[in-house]
Amino acid sequence: MIEVIDLTKHYGDKIAVDHASFAAPDGMVTGFLGPNGAGKSTSMRAIMGLDRPTGGHATVNGKHISQHAAPMREVGALLDAKSVAPGRTARAHLRALAATHGIGKRRVDEVLGMTGLDKVADKRVKGFSLGMGQRLGIASALLADPQTLVMDEPVNGLDPDGVRWVRDMSRHFAAEGRCVLLSSHLMSEVELTADRVVIIGRGRILADTSVADFTAEAANNAIAVRTSDDVAFSTLLQGAGAILASGSAGLSVVGLEAADIARLAVRANLDLHELTHTAATLEEAYMKLTADQVEYKSGPSLEAVAP
Amino acid sequence: MSATTLTEARLSYGGVLKSELLKLRSRAMLWVTGIALGLWALLAVTSGTGDIAKDPLFGTESRLFAGVMLAWIMTTVYAAVATTSEWSTGQYRATFAVVPRTQLWLAAKASAAAIYAAIVAVLGVVIAAAATLPSSLGAGGRIVLTDWDLWRAFLGVVAVFALSGVMATAIGAIVRATGIAVIIIVTITFILPFATLIFGAEWAVHISAYLPSGTADVVINGPMFGPALETLPLVPASIVLVAWAAAPYIAAWQLMSKRDA
(Lines give C-alpha, C1' and ligand atoms only; values in the text may rest on other atoms or scores of the structure.)
Protein backbone atom coordinates (compact mmCIF):
# COMPACT_ATOMS: atom_id res chain seq x y z
CA MET A 1 0.00 0.00 0.00
CA ILE A 2 1.19 3.47 -0.85
CA GLU A 3 0.36 6.34 1.46
CA VAL A 4 1.13 9.94 0.60
CA ILE A 5 0.59 12.23 3.55
CA ASP A 6 0.55 16.02 3.25
CA LEU A 7 3.24 15.84 0.59
CA THR A 8 4.65 19.17 -0.52
CA LYS A 9 7.47 19.72 -2.97
CA HIS A 10 8.88 23.06 -4.05
CA TYR A 11 11.45 23.58 -6.82
CA GLY A 12 12.63 27.06 -6.02
CA ASP A 13 9.54 29.27 -6.27
CA LYS A 14 7.57 26.65 -8.16
CA ILE A 15 5.17 24.54 -6.09
CA ALA A 16 5.06 21.13 -7.76
CA VAL A 17 3.01 19.33 -5.11
CA ASP A 18 0.92 21.17 -2.55
CA HIS A 19 -0.09 19.31 0.63
CA ALA A 20 -1.21 16.25 -1.31
CA SER A 21 -2.61 13.27 0.59
CA PHE A 22 -3.86 10.06 -0.96
CA ALA A 23 -3.53 6.32 -0.74
CA ALA A 24 -3.20 3.51 -3.25
CA PRO A 25 -4.53 0.42 -1.47
CA ASP A 26 -3.49 -3.20 -1.93
CA GLY A 27 -5.64 -5.33 -4.20
CA MET A 28 -6.47 -2.46 -6.51
CA VAL A 29 -5.16 -0.62 -9.52
CA THR A 30 -5.11 3.09 -8.78
CA GLY A 31 -4.97 5.45 -11.73
CA PHE A 32 -3.05 8.65 -11.07
CA LEU A 33 -4.32 11.34 -13.40
CA GLY A 34 -3.69 14.99 -13.97
CA PRO A 35 -2.77 17.50 -16.64
CA ASN A 36 0.86 18.03 -17.66
CA GLY A 37 2.80 19.67 -14.85
CA ALA A 38 0.14 18.79 -12.26
CA GLY A 39 2.59 16.97 -9.97
CA LYS A 40 2.11 13.31 -10.90
CA SER A 41 5.74 12.52 -11.71
CA THR A 42 7.02 14.54 -8.75
CA SER A 43 4.70 12.61 -6.42
CA MET A 44 5.89 9.32 -7.91
CA ARG A 45 9.52 10.37 -7.53
CA ALA A 46 8.84 11.22 -3.88
CA ILE A 47 7.21 7.83 -3.35
CA MET A 48 10.33 6.19 -4.81
CA GLY A 49 12.62 8.33 -2.64
CA LEU A 50 14.15 10.14 -5.63
CA ASP A 51 12.88 13.55 -4.56
CA ARG A 52 13.07 14.75 -0.98
CA PRO A 53 9.77 16.36 0.01
CA THR A 54 9.72 19.95 1.21
CA GLY A 55 7.01 18.79 3.61
CA GLY A 56 5.02 15.67 4.40
CA HIS A 57 6.09 12.17 3.43
CA ALA A 58 5.30 9.10 1.37
CA THR A 59 5.43 5.49 2.51
CA VAL A 60 5.29 2.14 0.78
CA ASN A 61 3.95 -0.69 2.91
CA GLY A 62 4.24 1.46 6.03
CA LYS A 63 7.81 2.72 5.67
CA HIS A 64 9.84 5.12 3.59
CA ILE A 65 11.25 3.09 0.72
CA SER A 66 14.83 3.48 1.98
CA GLN A 67 13.93 1.90 5.33
CA HIS A 68 13.00 -1.45 3.81
CA ALA A 69 15.54 -4.26 3.92
CA ALA A 70 14.74 -5.13 0.31
CA PRO A 71 13.30 -2.06 -1.44
CA MET A 72 13.03 -3.93 -4.76
CA ARG A 73 10.78 -6.53 -3.14
CA GLU A 74 8.51 -3.82 -1.79
CA VAL A 75 8.15 -1.68 -4.88
CA GLY A 76 9.12 -1.88 -8.52
CA ALA A 77 9.02 1.30 -10.55
CA LEU A 78 8.92 2.47 -14.12
CA LEU A 79 9.52 6.20 -13.94
CA ASP A 80 10.95 6.86 -17.38
CA ALA A 81 11.77 4.64 -20.34
CA LYS A 82 15.05 6.56 -20.70
CA SER A 83 16.54 5.41 -17.39
CA VAL A 84 19.27 3.29 -18.93
CA ALA A 85 22.80 3.99 -20.10
CA PRO A 86 22.39 3.73 -23.90
CA GLY A 87 25.59 1.77 -24.44
CA ARG A 88 24.51 -1.03 -22.12
CA THR A 89 22.56 -4.07 -23.26
CA ALA A 90 19.14 -4.83 -21.81
CA ARG A 91 20.51 -7.93 -20.09
CA ALA A 92 23.50 -6.05 -18.61
CA HIS A 93 21.18 -3.32 -17.32
CA LEU A 94 18.89 -5.81 -15.61
CA ARG A 95 21.80 -7.83 -14.21
CA ALA A 96 23.27 -4.71 -12.63
CA LEU A 97 19.94 -3.85 -11.00
CA ALA A 98 19.36 -7.44 -9.89
CA ALA A 99 22.82 -7.69 -8.33
CA THR A 100 21.98 -4.96 -5.80
CA HIS A 101 19.60 -7.40 -4.10
CA GLY A 102 21.49 -10.61 -4.82
CA ILE A 103 18.99 -11.64 -7.50
CA GLY A 104 20.45 -14.09 -9.99
CA LYS A 105 20.70 -14.37 -13.75
CA ARG A 106 17.77 -16.77 -14.08
CA ARG A 107 15.30 -14.18 -12.83
CA VAL A 108 16.77 -11.66 -15.29
CA ASP A 109 16.13 -14.14 -18.09
CA GLU A 110 12.60 -14.70 -16.77
CA VAL A 111 11.63 -11.02 -16.86
CA LEU A 112 13.26 -10.61 -20.27
CA GLY A 113 10.97 -13.40 -21.46
CA MET A 114 7.92 -11.97 -19.68
CA THR A 115 8.35 -8.60 -21.34
CA GLY A 116 9.13 -10.02 -24.77
CA LEU A 117 12.69 -8.70 -24.78
CA ASP A 118 14.50 -12.04 -24.84
CA LYS A 119 15.37 -11.74 -28.54
CA VAL A 120 16.95 -8.29 -28.08
CA ALA A 121 18.42 -8.91 -24.63
CA ASP A 122 21.99 -8.55 -25.85
CA LYS A 123 21.43 -5.51 -28.02
CA ARG A 124 22.45 -2.05 -26.88
CA VAL A 125 19.61 0.01 -25.47
CA LYS A 126 20.46 2.99 -27.69
CA GLY A 127 18.90 1.07 -30.59
CA PHE A 128 15.63 0.48 -28.75
CA SER A 129 12.33 2.08 -29.76
CA LEU A 130 10.29 3.92 -27.13
CA GLY A 131 8.10 0.85 -26.74
CA MET A 132 11.09 -1.43 -26.21
CA GLY A 133 12.44 1.04 -23.67
CA GLN A 134 9.10 0.90 -21.87
CA ARG A 135 9.24 -2.87 -21.85
CA LEU A 136 12.74 -2.74 -20.38
CA GLY A 137 11.53 -0.33 -17.71
CA ILE A 138 8.68 -2.69 -16.86
CA ALA A 139 11.13 -5.60 -16.77
CA SER A 140 13.21 -3.63 -14.23
CA ALA A 141 10.10 -3.00 -12.15
CA LEU A 142 9.18 -6.70 -12.14
CA LEU A 143 12.69 -8.02 -11.37
CA ALA A 144 12.11 -8.74 -7.69
CA ASP A 145 8.41 -9.64 -8.07
CA PRO A 146 7.45 -6.68 -5.85
CA GLN A 147 4.40 -6.16 -3.67
CA THR A 148 3.80 -2.73 -5.19
CA LEU A 149 4.15 -1.37 -8.71
CA VAL A 150 4.58 2.32 -9.53
CA MET A 151 4.41 3.10 -13.25
CA ASP A 152 4.53 6.52 -14.86
CA GLU A 153 2.90 6.37 -18.30
CA PRO A 154 3.60 2.63 -18.73
CA VAL A 155 1.75 2.26 -22.05
CA ASN A 156 3.41 5.25 -23.68
CA GLY A 157 4.83 4.04 -27.00
CA LEU A 158 3.59 0.47 -26.65
CA ASP A 159 1.84 -1.33 -29.47
CA PRO A 160 -1.74 -2.60 -28.86
CA ASP A 161 -0.40 -5.98 -27.77
CA GLY A 162 1.88 -4.27 -25.26
CA VAL A 163 -0.94 -2.05 -23.99
CA ARG A 164 -3.10 -5.07 -23.40
CA TRP A 165 -0.23 -6.89 -21.70
CA VAL A 166 0.30 -3.99 -19.26
CA ARG A 167 -3.43 -3.88 -18.57
CA ASP A 168 -3.64 -7.62 -17.90
CA MET A 169 -0.46 -7.58 -15.83
CA SER A 170 -1.76 -4.70 -13.69
CA ARG A 171 -5.12 -6.44 -13.17
CA HIS A 172 -3.33 -9.69 -12.32
CA PHE A 173 -1.14 -7.91 -9.76
CA ALA A 174 -4.18 -6.34 -8.12
CA ALA A 175 -6.07 -9.66 -8.15
CA GLU A 176 -3.16 -11.15 -6.17
CA GLY A 177 -3.71 -8.52 -3.48
CA ARG A 178 -0.87 -6.27 -4.60
CA CYS A 179 -0.90 -2.54 -5.14
CA VAL A 180 -0.57 -0.85 -8.53
CA LEU A 181 -0.27 2.90 -9.00
CA LEU A 182 -0.11 4.02 -12.61
CA SER A 183 -0.34 7.32 -14.35
CA SER A 184 -1.53 7.75 -17.89
CA HIS A 185 -2.96 10.33 -20.21
CA LEU A 186 -4.95 7.61 -21.96
CA MET A 187 -8.27 7.88 -20.12
CA SER A 188 -9.84 4.96 -21.95
CA GLU A 189 -6.94 2.77 -20.80
CA VAL A 190 -7.20 3.90 -17.19
CA GLU A 191 -10.97 3.33 -17.30
CA LEU A 192 -10.34 -0.25 -18.43
CA THR A 193 -7.54 -0.92 -15.95
CA ALA A 194 -8.07 1.07 -12.76
CA ASP A 195 -10.41 0.48 -9.84
CA ARG A 196 -9.72 3.83 -8.30
CA VAL A 197 -8.53 7.21 -9.51
CA VAL A 198 -6.54 9.91 -7.80
CA ILE A 199 -6.67 13.18 -9.72
CA ILE A 200 -4.16 15.91 -9.17
CA GLY A 201 -4.22 19.45 -10.56
CA ARG A 202 -1.72 22.22 -9.86
CA GLY A 203 -0.19 20.04 -7.16
CA ARG A 204 -3.42 19.52 -5.22
CA ILE A 205 -5.52 16.39 -5.00
CA LEU A 206 -8.87 17.05 -6.71
CA ALA A 207 -10.42 13.61 -6.39
CA ASP A 208 -9.60 10.32 -4.68
CA THR A 209 -12.40 7.87 -5.36
CA SER A 210 -13.50 4.78 -7.27
CA VAL A 211 -13.76 5.02 -11.06
CA ALA A 212 -17.48 4.12 -10.86
CA ASP A 213 -18.29 6.85 -8.32
CA PHE A 214 -16.20 9.40 -10.18
CA THR A 215 -17.93 8.88 -13.51
CA ALA A 216 -21.40 8.62 -11.93
CA GLU A 217 -20.89 11.86 -10.04
CA ALA A 218 -19.76 13.61 -13.22
CA ALA A 219 -22.96 12.54 -14.95
CA ASN A 220 -25.04 13.97 -12.04
CA ASN A 221 -26.94 10.65 -11.88
CA ALA A 222 -29.00 11.77 -14.88
CA ILE A 223 -31.51 9.43 -16.52
CA ALA A 224 -32.02 9.45 -20.27
CA VAL A 225 -35.73 9.32 -21.19
CA ARG A 226 -37.46 9.06 -24.55
CA THR A 227 -41.22 8.75 -24.91
CA SER A 228 -43.84 8.98 -27.66
CA ASP A 229 -44.38 12.66 -26.68
CA ASP A 230 -41.32 14.20 -25.03
CA VAL A 231 -42.79 17.72 -25.01
CA ALA A 232 -45.88 16.74 -23.04
CA PHE A 233 -43.90 14.44 -20.77
CA SER A 234 -41.38 17.15 -19.93
CA THR A 235 -44.21 19.25 -18.44
CA LEU A 236 -45.33 16.29 -16.36
CA LEU A 237 -41.79 15.62 -15.14
CA GLN A 238 -41.22 19.22 -14.13
CA GLY A 239 -44.52 19.17 -12.26
CA ALA A 240 -43.20 16.15 -10.34
CA GLY A 241 -40.06 18.10 -9.34
CA ALA A 242 -37.57 16.88 -11.95
CA ILE A 243 -34.82 19.03 -13.40
CA LEU A 244 -34.56 18.65 -17.14
CA ALA A 245 -31.76 19.08 -19.58
CA SER A 246 -32.60 18.33 -23.15
CA GLY A 247 -30.44 15.60 -24.54
CA SER A 248 -29.51 15.19 -28.19
CA ALA A 249 -32.41 12.77 -28.49
CA GLY A 250 -34.99 12.73 -25.73
CA LEU A 251 -34.79 14.10 -22.20
CA SER A 252 -32.10 14.07 -19.55
CA VAL A 253 -33.80 13.89 -16.15
CA VAL A 254 -32.27 14.65 -12.78
CA GLY A 255 -34.10 14.52 -9.45
CA LEU A 256 -36.43 11.58 -9.99
CA GLU A 257 -35.86 7.86 -9.68
CA ALA A 258 -36.29 5.69 -12.78
CA ALA A 259 -39.33 3.93 -11.22
CA ASP A 260 -41.08 7.28 -10.62
CA ILE A 261 -40.45 8.34 -14.22
CA ALA A 262 -41.85 5.04 -15.49
CA ARG A 263 -44.99 5.39 -13.31
CA LEU A 264 -45.56 8.94 -14.62
CA ALA A 265 -45.30 7.75 -18.21
CA VAL A 266 -47.75 4.91 -17.63
CA ARG A 267 -50.25 7.25 -15.96
CA ALA A 268 -49.95 9.69 -18.89
CA ASN A 269 -50.49 6.78 -21.27
CA LEU A 270 -47.20 7.48 -23.07
CA ASP A 271 -45.00 4.87 -24.73
CA LEU A 272 -41.63 4.72 -22.97
CA HIS A 273 -38.87 4.22 -25.55
CA GLU A 274 -35.83 4.69 -23.31
CA LEU A 275 -35.19 4.82 -19.57
CA THR A 276 -31.48 4.48 -18.77
CA HIS A 277 -29.07 5.75 -16.18
CA THR A 278 -26.41 7.75 -18.00
CA ALA A 279 -22.77 7.70 -16.98
CA ALA A 280 -20.00 9.98 -18.13
CA THR A 281 -16.86 8.39 -19.49
CA LEU A 282 -13.74 8.77 -17.36
CA GLU A 283 -12.46 11.23 -19.93
CA GLU A 284 -15.59 13.39 -19.68
CA ALA A 285 -15.49 13.28 -15.90
CA TYR A 286 -11.77 14.09 -15.88
CA MET A 287 -12.13 16.97 -18.34
CA LYS A 288 -14.95 18.41 -16.29
CA LEU A 289 -12.93 18.26 -13.07
CA THR A 290 -9.64 19.54 -14.43
CA ALA A 291 -10.95 22.22 -16.80
CA ASP A 292 -9.52 24.96 -14.58
CA GLN A 293 -6.39 23.05 -13.59
CA VAL A 294 -4.66 22.79 -16.93
CA GLU A 295 -1.34 24.61 -16.79
CA TYR A 296 -0.37 24.13 -20.42
CA LYS A 297 -3.49 24.74 -22.54
CA SER A 298 -3.67 23.64 -26.17
CA GLY A 299 -4.68 26.15 -28.81
CA PRO A 300 -7.79 25.70 -30.92
CA SER A 301 -7.86 22.62 -33.13
CA LEU A 302 -6.66 22.86 -36.72
CA GLU A 303 -10.27 22.72 -37.93
CA ALA A 304 -11.19 25.68 -35.77
CA VAL A 305 -8.33 27.84 -37.02
CA ALA A 306 -8.62 26.86 -40.68
CA PRO A 307 -9.48 29.86 -42.91
CA MET B 1 15.16 -18.00 -9.90
CA SER B 2 12.46 -19.53 -7.81
CA ALA B 3 10.12 -17.47 -5.65
CA THR B 4 11.89 -18.82 -2.56
CA THR B 5 15.14 -17.24 -3.65
CA LEU B 6 13.43 -13.95 -4.46
CA THR B 7 12.03 -13.74 -0.96
CA GLU B 8 15.59 -13.92 0.34
CA ALA B 9 16.63 -10.91 -1.76
CA ARG B 10 18.18 -8.14 0.33
CA LEU B 11 19.80 -4.82 -0.45
CA SER B 12 23.42 -4.98 0.68
CA TYR B 13 26.71 -3.14 0.25
CA GLY B 14 28.19 -6.23 -1.40
CA GLY B 15 25.29 -6.43 -3.84
CA VAL B 16 25.50 -2.76 -4.79
CA LEU B 17 29.29 -3.06 -5.17
CA LYS B 18 28.81 -6.00 -7.54
CA SER B 19 26.22 -3.98 -9.43
CA GLU B 20 28.58 -1.03 -9.81
CA LEU B 21 31.43 -3.28 -10.92
CA LEU B 22 29.10 -4.76 -13.55
CA LYS B 23 28.24 -1.25 -14.71
CA LEU B 24 31.93 -0.37 -15.04
CA ARG B 25 32.41 -3.26 -17.45
CA SER B 26 31.77 -1.58 -20.75
CA ARG B 27 33.31 -1.10 -24.16
CA ALA B 28 34.44 2.37 -23.06
CA MET B 29 36.23 0.85 -20.06
CA LEU B 30 38.07 -1.59 -22.31
CA TRP B 31 39.21 1.26 -24.56
CA VAL B 32 40.30 3.54 -21.71
CA THR B 33 42.06 0.75 -19.87
CA GLY B 34 43.71 -0.56 -23.02
CA ILE B 35 45.01 2.86 -24.03
CA ALA B 36 46.14 3.66 -20.46
CA LEU B 37 48.06 0.40 -20.14
CA GLY B 38 49.44 0.71 -23.65
CA LEU B 39 50.79 4.20 -22.91
CA TRP B 40 52.19 2.99 -19.58
CA ALA B 41 54.09 0.20 -21.32
CA LEU B 42 55.21 2.51 -24.14
CA LEU B 43 56.57 5.15 -21.75
CA ALA B 44 58.29 2.43 -19.69
CA VAL B 45 60.02 1.02 -22.77
CA THR B 46 60.99 4.43 -24.19
CA SER B 47 62.35 5.63 -20.85
CA GLY B 48 65.54 3.80 -21.85
CA THR B 49 68.26 2.08 -19.87
CA GLY B 50 70.47 5.15 -19.31
CA ASP B 51 69.98 5.29 -15.51
CA ILE B 52 70.90 1.63 -15.09
CA ALA B 53 74.59 2.33 -15.56
CA LYS B 54 74.52 4.81 -12.62
CA ASP B 55 72.32 2.70 -10.33
CA PRO B 56 71.41 -0.78 -11.58
CA LEU B 57 68.66 -1.26 -8.95
CA PHE B 58 67.02 2.20 -9.11
CA GLY B 59 67.41 2.37 -12.89
CA THR B 60 65.62 -0.94 -13.37
CA GLU B 61 62.82 -0.22 -10.91
CA SER B 62 62.15 3.35 -12.03
CA ARG B 63 61.35 2.15 -15.58
CA LEU B 64 58.39 0.20 -14.16
CA PHE B 65 56.76 3.42 -12.97
CA ALA B 66 57.72 5.72 -15.84
CA GLY B 67 54.22 5.56 -17.40
CA VAL B 68 52.20 6.13 -14.26
CA MET B 69 51.13 9.75 -14.87
CA LEU B 70 49.05 9.40 -18.06
CA ALA B 71 47.42 6.14 -16.95
CA TRP B 72 46.60 7.75 -13.62
CA ILE B 73 44.89 10.75 -15.22
CA MET B 74 42.97 8.59 -17.70
CA THR B 75 41.78 6.18 -15.00
CA THR B 76 40.74 9.03 -12.72
CA VAL B 77 38.81 10.79 -15.48
CA TYR B 78 37.10 7.50 -16.39
CA ALA B 79 36.02 7.00 -12.76
CA ALA B 80 34.46 10.47 -12.75
CA VAL B 81 32.68 9.91 -16.06
CA ALA B 82 31.36 6.55 -14.83
CA THR B 83 29.69 8.49 -12.00
CA THR B 84 28.38 11.49 -13.93
CA SER B 85 27.00 9.19 -16.64
CA GLU B 86 24.40 8.07 -14.09
CA TRP B 87 22.85 11.52 -14.49
CA SER B 88 23.71 12.25 -18.11
CA THR B 89 22.03 9.03 -19.29
CA GLY B 90 19.10 9.05 -16.84
CA GLN B 91 20.35 5.76 -15.38
CA TYR B 92 20.17 7.32 -11.89
CA ARG B 93 16.37 6.89 -11.87
CA ALA B 94 16.68 3.13 -12.24
CA THR B 95 19.66 3.00 -9.86
CA PHE B 96 18.08 4.94 -7.00
CA ALA B 97 14.72 3.24 -7.41
CA VAL B 98 16.43 -0.01 -6.40
CA VAL B 99 19.08 1.54 -4.11
CA PRO B 100 17.17 4.33 -2.34
CA ARG B 101 19.92 4.51 0.31
CA THR B 102 21.97 6.93 -1.73
CA GLN B 103 24.91 7.02 0.68
CA LEU B 104 25.20 3.24 0.41
CA TRP B 105 25.30 3.69 -3.37
CA LEU B 106 28.05 6.32 -3.07
CA ALA B 107 30.14 4.00 -0.90
CA ALA B 108 29.73 1.15 -3.39
CA LYS B 109 30.36 3.37 -6.43
CA ALA B 110 33.54 4.77 -4.87
CA SER B 111 34.68 1.27 -3.90
CA ALA B 112 34.07 0.00 -7.42
CA ALA B 113 36.08 2.88 -8.87
CA ALA B 114 38.89 2.24 -6.36
CA ILE B 115 38.96 -1.47 -7.21
CA TYR B 116 38.99 -0.77 -10.94
CA ALA B 117 41.77 1.83 -10.60
CA ALA B 118 43.81 -0.45 -8.33
CA ILE B 119 43.54 -3.28 -10.88
CA VAL B 120 44.75 -0.92 -13.63
CA ALA B 121 47.71 0.02 -11.40
CA VAL B 122 48.65 -3.60 -10.76
CA LEU B 123 48.29 -4.48 -14.44
CA GLY B 124 50.32 -1.41 -15.40
CA VAL B 125 53.27 -2.44 -13.22
CA VAL B 126 53.08 -6.06 -14.35
CA ILE B 127 52.91 -5.09 -18.05
CA ALA B 128 55.71 -2.54 -17.63
CA ALA B 129 57.81 -5.23 -15.94
CA ALA B 130 57.17 -7.67 -18.77
CA ALA B 131 58.02 -4.98 -21.32
CA THR B 132 61.19 -3.60 -19.70
CA LEU B 133 62.82 -6.23 -17.50
CA PRO B 134 64.47 -8.21 -20.33
CA SER B 135 66.18 -5.09 -21.73
CA SER B 136 66.96 -3.70 -18.25
CA LEU B 137 68.57 -6.92 -17.07
CA GLY B 138 70.38 -7.21 -20.36
CA ALA B 139 71.83 -3.73 -19.76
CA GLY B 140 73.22 -4.77 -16.37
CA GLY B 141 70.24 -3.80 -14.29
CA ARG B 142 68.94 -5.80 -11.39
CA ILE B 143 65.78 -6.16 -9.39
CA VAL B 144 65.46 -7.21 -5.74
CA LEU B 145 61.99 -8.37 -4.76
CA THR B 146 62.68 -7.68 -1.07
CA ASP B 147 63.64 -4.07 -1.76
CA TRP B 148 61.50 -1.68 0.34
CA ASP B 149 61.64 1.09 -2.26
CA LEU B 150 60.23 -1.27 -4.89
CA TRP B 151 57.33 -2.33 -2.66
CA ARG B 152 56.67 1.24 -1.49
CA ALA B 153 56.50 2.33 -5.10
CA PHE B 154 54.25 -0.57 -6.08
CA LEU B 155 51.88 -0.19 -3.12
CA GLY B 156 52.06 3.58 -3.54
CA VAL B 157 50.91 3.38 -7.16
CA VAL B 158 48.03 1.09 -6.20
CA ALA B 159 47.03 3.39 -3.33
CA VAL B 160 47.30 6.53 -5.49
CA PHE B 161 45.11 5.01 -8.20
CA ALA B 162 42.54 3.67 -5.71
CA LEU B 163 42.31 6.95 -3.77
CA SER B 164 42.01 8.90 -6.99
CA GLY B 165 39.13 6.62 -7.99
CA VAL B 166 37.37 7.60 -4.76
CA MET B 167 38.14 11.30 -5.33
CA ALA B 168 36.86 11.17 -8.90
CA THR B 169 33.65 9.38 -7.91
CA ALA B 170 33.00 11.93 -5.19
CA ILE B 171 33.65 14.89 -7.51
CA GLY B 172 31.35 13.29 -10.10
CA ALA B 173 28.63 12.80 -7.51
CA ILE B 174 28.94 16.43 -6.39
CA VAL B 175 28.88 18.13 -9.79
CA ARG B 176 26.84 15.48 -11.71
CA ALA B 177 27.99 16.99 -15.01
CA THR B 178 30.62 15.18 -17.08
CA GLY B 179 32.27 18.26 -18.55
CA ILE B 180 32.68 20.02 -15.22
CA ALA B 181 33.96 16.88 -13.49
CA VAL B 182 36.55 16.27 -16.21
CA ILE B 183 37.70 19.90 -16.12
CA ILE B 184 38.10 19.78 -12.31
CA ILE B 185 40.04 16.52 -12.37
CA VAL B 186 42.31 17.42 -15.27
CA THR B 187 42.97 20.78 -13.62
CA ILE B 188 44.00 19.41 -10.25
CA THR B 189 45.92 16.39 -11.55
CA PHE B 190 47.57 17.84 -14.66
CA ILE B 191 47.17 21.55 -15.30
CA LEU B 192 47.91 22.91 -11.80
CA PRO B 193 51.15 20.94 -11.34
CA PHE B 194 52.41 22.23 -14.71
CA ALA B 195 51.24 25.74 -13.93
CA THR B 196 53.18 25.74 -10.66
CA LEU B 197 56.26 24.50 -12.52
CA ILE B 198 55.93 27.32 -15.06
CA PHE B 199 55.55 29.93 -12.30
CA GLY B 200 58.54 28.52 -10.47
CA ALA B 201 57.94 30.93 -7.59
CA GLU B 202 58.46 29.69 -4.06
CA TRP B 203 54.77 29.84 -3.23
CA ALA B 204 53.93 27.89 -6.39
CA VAL B 205 56.44 25.17 -5.54
CA HIS B 206 54.97 25.04 -2.05
CA ILE B 207 51.44 24.61 -3.39
CA SER B 208 52.64 21.96 -5.84
CA ALA B 209 53.79 19.80 -2.94
CA TYR B 210 50.22 19.60 -1.69
CA LEU B 211 48.57 18.79 -5.04
CA PRO B 212 47.53 15.19 -5.76
CA SER B 213 50.43 14.76 -8.19
CA GLY B 214 52.93 16.15 -5.65
CA THR B 215 51.76 13.89 -2.86
CA ALA B 216 51.42 10.91 -5.21
CA ASP B 217 55.01 11.44 -6.33
CA VAL B 218 56.21 11.17 -2.72
CA VAL B 219 54.10 8.08 -2.03
CA ILE B 220 55.48 6.39 -5.18
CA ASN B 221 59.05 7.68 -5.40
CA GLY B 222 59.76 8.88 -1.88
CA PRO B 223 60.49 12.47 -0.75
CA MET B 224 62.82 14.55 -2.92
CA PHE B 225 64.47 17.88 -2.32
CA GLY B 226 66.33 20.18 -4.61
CA PRO B 227 66.25 23.57 -6.36
CA ALA B 228 62.70 24.50 -7.39
CA LEU B 229 61.60 21.22 -5.86
CA GLU B 230 59.93 20.67 -2.54
CA THR B 231 58.03 17.60 -1.45
CA LEU B 232 56.41 16.65 1.78
CA PRO B 233 57.81 13.80 3.89
CA LEU B 234 56.18 10.41 3.27
CA VAL B 235 53.67 10.37 6.13
CA PRO B 236 52.34 13.95 5.69
CA ALA B 237 52.19 13.37 1.92
CA SER B 238 50.18 10.20 2.50
CA ILE B 239 47.82 12.07 4.80
CA VAL B 240 47.32 14.88 2.26
CA LEU B 241 46.71 12.31 -0.48
CA VAL B 242 44.04 10.61 1.64
CA ALA B 243 42.53 14.03 2.34
CA TRP B 244 42.23 14.65 -1.42
CA ALA B 245 39.93 11.63 -1.55
CA ALA B 246 38.25 12.07 1.83
CA ALA B 247 37.26 15.72 1.54
CA PRO B 248 35.18 15.42 -1.65
CA TYR B 249 33.84 12.06 -0.46
CA ILE B 250 32.54 13.59 2.78
CA ALA B 251 31.04 16.50 0.84
CA ALA B 252 29.35 14.10 -1.59
CA TRP B 253 28.14 11.95 1.33
CA GLN B 254 26.50 14.98 2.91
CA LEU B 255 24.94 16.12 -0.37
CA MET B 256 23.55 12.66 -1.16
CA SER B 257 21.40 12.79 1.95
CA LYS B 258 20.11 16.30 1.26
CA ARG B 259 19.62 16.63 -2.49
CA ASP B 260 17.05 15.18 -4.83
CA ALA B 261 18.45 12.26 -6.77
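Residues numbered from 1 in each chain as written. Chains lettered and ligands numbered in written order. Predicted model: local features only at pLDDT ≥ 70, side-chain atom pairs only at ≥ 80, totals over all residues. Heavy atoms only, no water.

Colleague: So what exactly am I meant to see when it comes to helix H6 (residues 160-175) of chain A here?
Modeller: Side chains three or four residues apart in an α-helix point the same way, a direct result of the helix having 3.6 residues per turn. Residues and elements named next belong to chain A. For H6, which comprises 16 residues, the first-to-last C-alpha distance of 22 Å matches the rise-based estimate of 22 Å (1.5 Å per residue) to within 8%. Of all the positions in H6, only Gly 162, Val 163, Val 166, Met 169, Ser 170, Phe 173 and Ala 174 are classed as buried. Within H6, the buried residues cover an arc of 130° as seen down the axis, which keeps them to one side. In H6, the exposed positions angled more than 90 degrees off the buried face are occupied by Pro 160, Asp 161, Arg 164 and Ala 175. Those residues of H6 that are buried are in contact with strand E3 (29-33), helix H5 (130-142), strand E6 (148-152), strand E7 (179-183) and helix H7 (187-193). Once H6 finishes, Gly 177 follows within two positions and takes phi at roughly 90°, a positive value. (Helix = DSSP H or I, 4+ residues; strand = E, 2+ residues; numbered from the N terminus. Expected span 1.5 Å × (residues − 1). Buried < 20%, exposed > 50% of the residue type's maximum accessible area, 1.4 Å probe, protein only. Arc of directions from axis to C-beta. Contact = heavy atoms within 4.5 Å.)

Colleague: Help me understand the pairing of strand E10 (residues 223-227) of chain A, please; the structure alone is not making it clear to me.
Modeller: It is a general feature of regular strands that their side chains alternate between the two faces of the sheet. Residues and elements named next belong to chain A. Taking burial as the measure, the five residues of E10 include four buried ones, the bulk of the element. With three bridges joining them, E10 and strand E12 (residues 251-254) adopt antiparallel strand pairing. When the sheet's bridge partners are listed, Val 225 is paired in E12 with Leu 251. Across five bridges, the pairing between E10 and strand E13 (residues 272-277) is antiparallel. Its bridge partner being in E13, Ala 224 is matched across the sheet by Thr 276. (Pairing = 2+ DSSP bridges.)

Colleague: Sorry, what's going on with the interface of chain B and chain A here?
Modeller: Frequently, the measure chosen for interface size is the accessible area that the parts lose on association. With 34 residues of chain B at the interface, the matching set in chain A holds 40 residues. Two residues, Lys 9 of chain A and Asp 260 of chain B, come together in a salt bridge whose shortest N-O distance is 2.9 Å. Counting every contact that joins chain B to chain A gives 22 residue pairs in polar contact (both at pLDDT 80 or more). Going through the elements one at a time, helix H1 (3-7), helix H2 (13-24), helix H7 (91-98) and helix H13 (234-258) of chain B are the ones with two or more residues in the side of chain B that touches chain A. Per element, the largest residue contribution to the side of chain B that touches chain A is eight residues, and it comes from H7 of chain B. Residue composition of the side of chain B that touches chain A, grouped by class: 15 nonpolar, 10 polar and nine charged. (Salt bridge = Lys/Arg side-chain N within 4 Å of Asp/Glu carboxyl O. Polar contact = N/O pair within 3.5 Å; in protein donor to acceptor, adjacent residues only side chain to side chain. Nonpolar A, V, L, I, M, F, W, Y, C, P; charged D, E, K, R; others polar.)

Colleague: Explain the nonpolar core here, please?
Modeller: Soluble globular proteins tend to bury their nonpolar side chains together. In terms of nonpolar packing, the biggest core is built from 148 residues, with Ile 2, Ile 47, Met 48 and Val 150 of chain A together with Phe 65 and Phe 161 of chain B touching the most fellow members. Among the elements that line this core, the one with the most residues is helix H8 (residues 102-138) of chain B, at 18 residues. When residues no more than four places from it in sequence are discounted, the contact partners of Val 150 of chain A are Ile 2, Met 44, Ile 47, Met 48, Val 75, Gly 76, Ala 77, Leu 78, Leu 79 and Leu 181 of chain A. (Core = buried A, V, L, I, M, F, W, Y, C linked by side-chain atoms within 4.5 Å.)

Colleague: Would you mind going over the side chain of Thr 189 of chain B with me for this structure?
Modeller: Residues and elements named next belong to chain B. With respect to the element layout, Thr 189 can be found in helix H10 (residues 178-199). A polar contact is formed between the side chain of Thr 189 and the backbone oxygen of Ile 185, at a distance of 2.6 Å. Contacts of Thr 189, omitting those with residues within four sequence positions, involve Met 69, Trp 72, Ile 73, Met 167 and Ser 213.

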